[in-house]
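Now for the letters of each chain:
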Amino acid sequence: MPRIPNAFNFRVADQTVLDTSLFLNLYSPVYLGQLKDEDFTAPKLLILHGSPGSGKSSLLRLFETSTLIALCKNQARTVDNNLLTSLRELGVIEDYSPKAFGIYVHCDSSLRDIENLNVSGANDRMLNTLLDIRITSGFLRSIEMLNVELSSFPNFEGMTFQPLPDDEIAPAIFSTPQTFSSLRESCRTIERDFATFLNSFPGEDIPSSIKTHSKLFSIPYLNHICRSTPELQGFLPIVMLDDLHELYKRQRDQISEQFLSRSAIPRWVAVRKNVYELERLIDLEDANDGRDFREMNLDSAPTPLFRKFVNNVGNRRLRISSDLQPYNVDDFGEHLLPATDKIPAARIQSELTTLCERISELSQAEIDPVVDPEIFVDELVGLEARLILLERHRNKVQQSLFGPSAIDDAEFDGKVREAARLFASKRFRIPYYCTFDTLADSSTGNVEQFLSIASPFVDKIISRAELNRPIYLQAEEQQKLIRASADRYFELIDRRFDRGYAIKQLVDNLGGFFHAVTYRPNAPIAPGVNGFGFERKALRLFLESDPKDKNVTAFREVLTRAVAGNVLFVKETKQGQAGTERVVFYINRLLCVKYQLPLSTGGWQNIKPELLIEMMRRPISPREWGKRWVEPLLGEEEVYG
Amino acid sequence: MGRWSNYFLDRDFQGFWTKLLHKDPSVCVVMGIGFDPRSLTVVDTISAIPWSGTLSCFTICLRPPTSELSENYVKLEKLTEKNIEALRANPRVTVSSYDELSLRDEEGHLIGGRSATLKIADNLAKIAAHKHVIVDISGLPRTVFYPLIKFLCKKSDDGIIENLHIAVTEDSDLDRRIKSGEFGNPDYLFSFRPDVPDGLKLIWLPAISSGESSRLEKIHNQIERDCAEICPILPFPARDLRRADEIIMRLRSILFERMLVSENNLLLCDEESPFDIYRKILDVDDYYRETLSRLDGLSEIRTVVSPMASKMLSLGMLLASIERNLAVSYTEAGSYEIEGDFSDFEGNLSPVEIWLTGEAYS
């Protein structure tokens with residue numbers, strides 16, 4: 001195993017640069033529980049959805065033949081029995097051998113580029129051919145590996161495969177008897193010829209070995225040979241197609257349609273959920289009942305499950321990080337201290353006086369001066385909450401004739417308290433973004449983002465350890481590091497994403513707007529706003545208003561790309577009648593840190609598409625936000641920024 | 001011994017063409033025209049030479065995407081228009097067409113190389129009618145000039161094109177003022193896909209520069225599944241002798257901690273000549289083919305290059321890729337942001353002449 005100073009620098013767990021044993025050490029089996037028995041037995045297609053870095057490819061890599069073999073060979077001394085137990089329960093491993101094994105096919109640009117070949121309209125049939133060959137090659141490689149490593153198929157070279165029955169009008173490769181060797185040789189020749197053909201210049205001929213396939217035959221063929229070949233009985237190949245979104249839409253539709261056909265061979269497809277254009281995105285409701293596929297959304301893990309998952313991921317990486325091995329660092333969370341519960345009164349005297357004066361003014365009651373040298377943070381949060389409620393009462397149209405009405409205890413709800421905590425953090429400079437849970441929450445349900453935020457934390461822990469200092473991070477240090485990550489994330493938006501400049505401009509305008517709305521004195525949408533939404537119907541009407549209009553096109557593309565890159569994520573509100581539900585776009589939680597917003601989802605605002613387009617185009621001043629927000633801001637400028 | 005071990009490179013572009021045009025006045029330039037003021041340097045230099053003929057040009061017009069929202073788009077569009085007008089106004093130049101080329105299709109995938117090659121293939125007879133064909137890569141993106149030069153080189157080997165030249169105008173100050181962004185998904189360039197099936201281990205040779213961390217990471221993500229060894233290429237000697245150190249300092253985290261690059265794998269190549277990097281890539285390719293083939297499971301490897309440094313280094317990488325059929329993985333910028341409007345650009349840059357095929361080698 002290579003020496004890895006800080007294992008958090010491996011952003012994804014499926015890198016081959018990590019050898020299989022290291023991968024197994026890093027892989028967290030928490031999400032494995034989302035797989036069901038039916039994903040191996042029922043003829044339904046399984047679609048793994050998720051944003052980049054959500055763990056789709058890692059899950060597929062776990063089922064690759066080479067990984068399962070490594071797990072079986074090392075199972076006596078494997079670091080994680082949970083992983084083995086889970087795989088045994090799913091029937092993937094029996095005794096000391098994999099019974100199900102994945103055939104990994106990456107939807108790379110070779111498959112995609114078939115669409116651009118000048119082959120007189122035979123592009124879709126050529127796609128079938130290359131996919132058939134890749135699936136079959138992958139299967140043969142798995143058989144070879146299982147034999148070499150576990151002696152599962154003695155004499156595999158001589159294994160003979162029966163052709164597909166006559167009722168399938170199959171191409172020659174699948175309709176003639178084959179031995180293992182002859183089939184492997186045919187696949188190799190066709191793959192090589194495809195590579196040459198894809199590199200060819202205009203006018204060059206199609207190599208003779210490439211025959212076009214009218215449909216995908218590899219899946220019925222694998223099913224057929226697994227049933228008819230005695231040596232293969234009891235083994236279950238799983239066809240795993242990764243990164244389907246890399247293909248053209250037409251190709252995705254073609255493959256999806258064929259993969260939806262029921263088959264005893266499980267088919268798993270990993271795709272970025274938001275590859276869809278906006279129109280499809282807003283149509284994606286829970287409409288898959290009764291359809292021949294099951295969706296597994298890796299982005300929608302509930303917060304506690306995701307926290308548990310990244311805690312597991314983090315602790316595994318801490319154990320692997322060679323620079324920390326002498327220091328017995330086992331639990332990442334324990335090294336991230338919460339903010340102190342008391343602060344010196346002298347440090348916040350001026351801010352506290354301002355706060356108390358405002359409360360006195362609104363409540364027409366005196367506030368006792370603070371005499372203790374230290375003051376509890378909870379007390380400050382209480383004062384902020386009281387001020388928020390007083391500001392709300394002040395804004396009520398009909399004021400009481402007998403002075404300000406008393407605040408009801410029921411008004412001090414969790415949301416107000418959370419807004420007050422946010423306000424107090426800002427006013428009194430108390431760290432708000434600290435502790436492991438915050439680190440997990442700022443990752444937007446994405447393990448790759450978690451690793452990228454956590455990596456500087458680990459660097460800091462390592463440097464403290466090397467200087468012989470206590471190896472925990474104070475809340476202030478954590479907040480500084482997480483803010484630096486947020487700034488870095490924001491700065492790179494224009495380089496990382498297609499349409500990045502417009503996305504960055506939009507985010508910056510939204511951040512300013514959300515900040516101003518969140519920090520209005522009466523906290524109108526407690527604990528804060530970090531999303532914008534549209535009525536589904538209105539959004540659809542806008543997109544259909546003039547699909548060729550430059551602004552509509554840009555609006556669609558910018559939002560789609562932002563969602564695909566996880567800069568924005570979508571949630572739907574279920575309230576209201578059909579068609580009046582809202583589609584809400586929240587900004588990435590790390591960006592909430594940049595604009596000092598709460599990390600929870602919930603608070604959002606309606607923003608008209610026309611204003612959003614302007615926000616994508618140029619910096620928008622607060623005066624352009626619309627009447628509803630401009631008027632309250634007059635006289636509140638000190639709150640903004 | 002590589003095909004271009006003995007090469008022809010002349011830094012006195014004007015002097016070289018003054019002599020040649022008096023002897024053979026049949027010349028055609030294949031060029032890209034966009035916002036970059038270097039687009040016209042080669043044409044302006046040649047047309048300033050007193051000779052009897054006119055210069056034929058096949059231009060590929062590169063405009064910013066029309067759905068672009070930002071004000072930057074207007075600036076780029078104006079500069080592109082200005083360059084096109086200047087070319088139109090040049091009485092010594094005959095331009096066959098101003099065909100526009102989209103680098104990406106509607107779904108955002110790179111298609112510029114394939115489309116440009118098709119366009120040139122359609123006009124091959126007209127181009128080949130000239131004794132000398134110059135590809136001016138100063139205003140062409142790598143996704144376009146890589147397949148284009150490979151195609152023309154092949155046609156030259158087939159005897160269809162007599163003499164193939166490359167012209168390149170470099171200006172690091174100008175490069176610094178152009179900030180590229182919005183990188184799409186990395187991909188193998190058209191005609192530079194691996195010519196062996198997937199699953200083989202690969203040796204990756206990225207030519208890197210300091211502001212390329214996101215592009216480097218993106219390409220790495222694409223190929224890492226099969227990557228056995230990474231040999232980053234740094235510019236040394238370079239005009240700024242500290243450039244290589246600066247690049248390492250800036251990219252150290254991604255190079256040494258993420259990609260686990262061994263310090264012994266760093267490859268230093270002369271920034272001013274394409275033939276140094278060309279020769280070194282051939283050596284590395286030979287070395288790994290020979291040494292790794294002795295290891296179990298690595299009987300066959302493939303070398304992949306990624307040109308993210310200057311045009312001169314990219315050109316050397318291209319020559320090695322053409323000679324060895326190496327794969328080229330790359331991600332093109334989707335947009336450019338420029339500092340100022342280049343009104344202070346004096347245009348007194350001197351292109352470099354590289355004679356690639358033809359009489360010079362006979």
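Just so it is clear, the model here is predicted, and its values are computed rather than measured. (Residues numbered from 1 in each chain as written. Chains lettered and ligands numbered in written order. Predicted model: local features only at pLDDT ≥ 70, side-chain atom pairs only at ≥ 80, totals over all residues. Heavy atoms only, no water.)

**Observations regarding the overall build of chain B**
From N to C terminus, chain B includes 11 helices and 16 strands. For 362 residues, the compact-globule estimate of 2.2 N^0.38 gives 21 Å, and the C-alpha radius of gyration of chain B, at 20 Å, lies within 12% of that figure. On the principal axes, the C-alpha backbone points of chain B span a range of 65 × 50 × 40 Å. In chain B, buried positions account for 62% of the 362 residues. Restricting to contacts in chain B with at least 6 residues of sequence separation, those with at least 24 account for 83%. With an accessible surface of roughly 14,000 Å², chain B has 48% of that area assigned to carbon and sulfur atoms. (Helix = DSSP H or I, 4+ residues; strand = E, 2+ residues; numbered from the N terminus. Rg over C-alpha atoms; globule rule 2.2 N^0.38 Å. Buried < 20%, exposed > 50% of the residue type's maximum accessible area, 1.4 Å probe, protein only. Contact = heavy atoms within 4.5 Å. Areas by Shrake-Rupley, 256 points an atom, 1.4 Å probe, with all protein chains shown as cover.)

**A look at helix 3 (residues 56-63) of chain A**
Within helix 3 of chain A, eight of the eight residues are buried, leaving the element largely enclosed by the surrounding structure. Among the residues of helix 3 of chain A, A:K56, A:S57, A:S58, A:L59, A:L60, A:R61, A:L62 and A:F63 are the ones counted as buried.

**Some words on the pattern of salt bridges**
For the structure on display, the rule yields 57 salt bridges over all chains. The salt bridge partner of A:E149 is A:K73, with a shortest N-O separation of 2.6 Å. One end of the pair, A:E149, is in helix 7 (residues 123-150); the other, A:K73, is in helix 4 (residues 65-73), with 76 residues separating them in the sequence. Of the charged contacts, one joins A:E614 and A:R617 as a salt bridge, the two residues approaching to 3.3 Å between their closest N and O atoms. Placement of the pair is A:E614 and A:R617 together in helix 25 (residues 609-617), with a separation of three residues, close to one helical turn. Residue classification places A:E614 among the partly exposed residues on the basis of a relative accessible area of 23%. Residue A:R617 is classed as partly exposed on the basis of its relative accessible area of 22%. Connected via shared salt-bridge partners are A:R112, A:D113, A:E246, B:R114, B:D187 and B:R193. (Salt bridge = Lys/Arg side-chain N within 4 Å of Asp/Glu carboxyl O.)

**Concerning the interface of chain A and chain B**
In many reports, interface size means the accessible area that the parts give up when they come together. Taken together, the 51 residues of chain A in the interface contact 53 residues of chain B. Between chain A and chain B, roughly 4,800 Å² of surface is buried when both sides are summed, and carbon and sulfur atoms account for 47% of that area. Among the residues of chain A in contact with chain B, A:F201, A:R495 and A:Y501 are the three that bury the most area, contributing 18% of the side total. Linking chain A with chain B are five salt bridges. Here A:R112 ties to B:D187 by a salt bridge, and the two come within 2.5 Å at their closest N and O atoms. At the boundary of chain A and chain B, one finds 19 residue pairs in polar contact (both at pLDDT 80 or more). Only helix 6 (109-113), helix 9 (180-198), helix 11 (249-259), helix 20 (493-496), helix 21 (500-518), helix 23 (550-564) and helix 25 of chain A provide two or more residues apiece to the side of chain A that touches chain B. (Buried area = accessible area lost by both parts, 1.4 Å probe. Polar contact = N/O pair within 3.5 Å; in protein donor to acceptor, adjacent residues only side chain to side chain.)

**Section: the sheet that holds strand 4 (residues 100-106) of chain A**
All names here are of chain A. Spatially, 4-7-8-1-9 is the arrangement adopted by the five strands of the open sheet, whose pairing is parallel. One side of each edge strand has no neighbouring strand; the edge strands of this open sheet are strand 4 and strand 9 (293-297). Pairwise comparison of adjacent strand axes, ignoring direction, gives a mean angle of 20 degrees for this sheet. Pairing between strand 1 (residues 45-50) and strand 9: five bridges, direction parallel. Pairing of L45 across the sheet is with F293, part of strand 9. Seen against the sheet, helix 3 touches strand 1, strand 4, strand 7 (236-242), strand 8 (267-272) and strand 9 and runs at an angle of roughly 155 degrees to strand 8. (Pairing = 2+ DSSP bridges. Axes fitted to C-alpha atoms, helices over the stretch in contact; angles between N-to-C directions.)

**Things to note about a nonpolar patch on the surface**
Taken together, B:F236, B:L241 and B:L268 make up a surface patch of nonpolar side chains, about 270 Å² in accessible area. Using a relative accessible area of 34% as the deciding quantity, one classes B:F236 as partly exposed. (Patch = residues over 30% accessible without salt bridge, like charges linked within 9 Å, V, L, I, M, F, W, Y side chains within 5 Å.)

**A few points about the packing of helix 7 of chain A against helix 11 of chain A**
Residue and element names in this part refer to chain A. For the pair helix 7 and helix 11, interaxial distance at closest approach is 11 Å and the crossing angle is 60 degrees. Considered as vectors, helix 7 and helix 11 are oriented oblique to each other. In terms of crossing hand, the pair formed by helix 7 and helix 11 is right-handed. Residues D124, L127, N128 and L131 of helix 7 form the contact with helix 11, whose own contacting residues are R250, Q251, Q254, I255 and Q258. For the contact of helix 7 with helix 11, a count of residues per class yields three nonpolar, four polar and two charged. (Parallel < 35°, antiparallel > 145°, perpendicular 65-115°, else oblique. Left-handed = near helix turned anticlockwise from the far one by under 90°. Nonpolar A, V, L, I, M, F, W, Y, C, P; charged D, E, K, R; others polar.)

**Considering the packing of aromatic side chains**
All names here are of chain A. Scanning all chains against the criterion turns up 35 aromatic pairs over all chains. On the numbers, 6.5 Å between centres and 50 degrees between planes, the contact of F8 with F450 is tilted. Here F8, found in the segment before helix 1 (20-26), pairs with F450, found in helix 18 (residues 447-466); they are 442 residues apart in sequence, far enough to count as distant. You can call F450 buried: its relative accessible area is 0%. (Phe/Tyr/Trp six-rings, centres within 6.5 Å; stacked < 30°, edge-to-face > 60°.)

**Quick word on the domain arrangement of chain B**
All names here are of chain B. Each assigned domain of chain B is listed with its residue range as follows: domain 1 (8-175 + 340-361) and domain 2 (185-331). Across the boundary between the two partners, domain 1 contributes 24 residues, which contact 23 residues of domain 2. In this assembly, domain 1 packs against domain 2 so that about 2,300 Å² is buried in total across both faces, 67% of it on carbon and sulfur atoms. For the domain 1 face of the interface with domain 2, the top three residues by lost area are R142, Y146 and K150, together amounting to 35%. For the pair domain 1 and domain 2, the number of links is zero salt bridges. The interface formed by domain 1 and domain 2 includes 12 residue pairs in polar contact (both at pLDDT 80 or more). When contributions to the side of domain 1 that touches domain 2 are tallied by element, the ones reaching two or more residues are helix 4 (112-122), helix 6 (142-157), strand 6 (163-168) and strand 16 (352-357). Considering only residue class, the side of domain 1 that touches domain 2 consists of 13 nonpolar, six polar and five charged. (Domains from an automatic or database assignment.)

**Quick word on empty space enclosed by the protein**
One pass over the structure, following the stated rule, counts four cavities of 30 Å³ or more. There is about 180 Å³ of room inside the largest cavity. Lining the largest cavity are 17 residues, with B:L110, B:I111, B:D187, B:Y188 and B:F190 positioned closest to its centre. Listed by contribution, the elements that provide at least two residues to the lining of the largest cavity are helix 6 of chain A together with helix 4 and strand 8 (187-188) of chain B. (1 Å grid on protein atoms, 1.4 Å probe; cavity = no way out; pocket = protein on both sides within 12 Å on 5 of 7 lines; lining within 4 Å. Points joined across faces, edges and corners; volume = space filled by probe spheres on them.)

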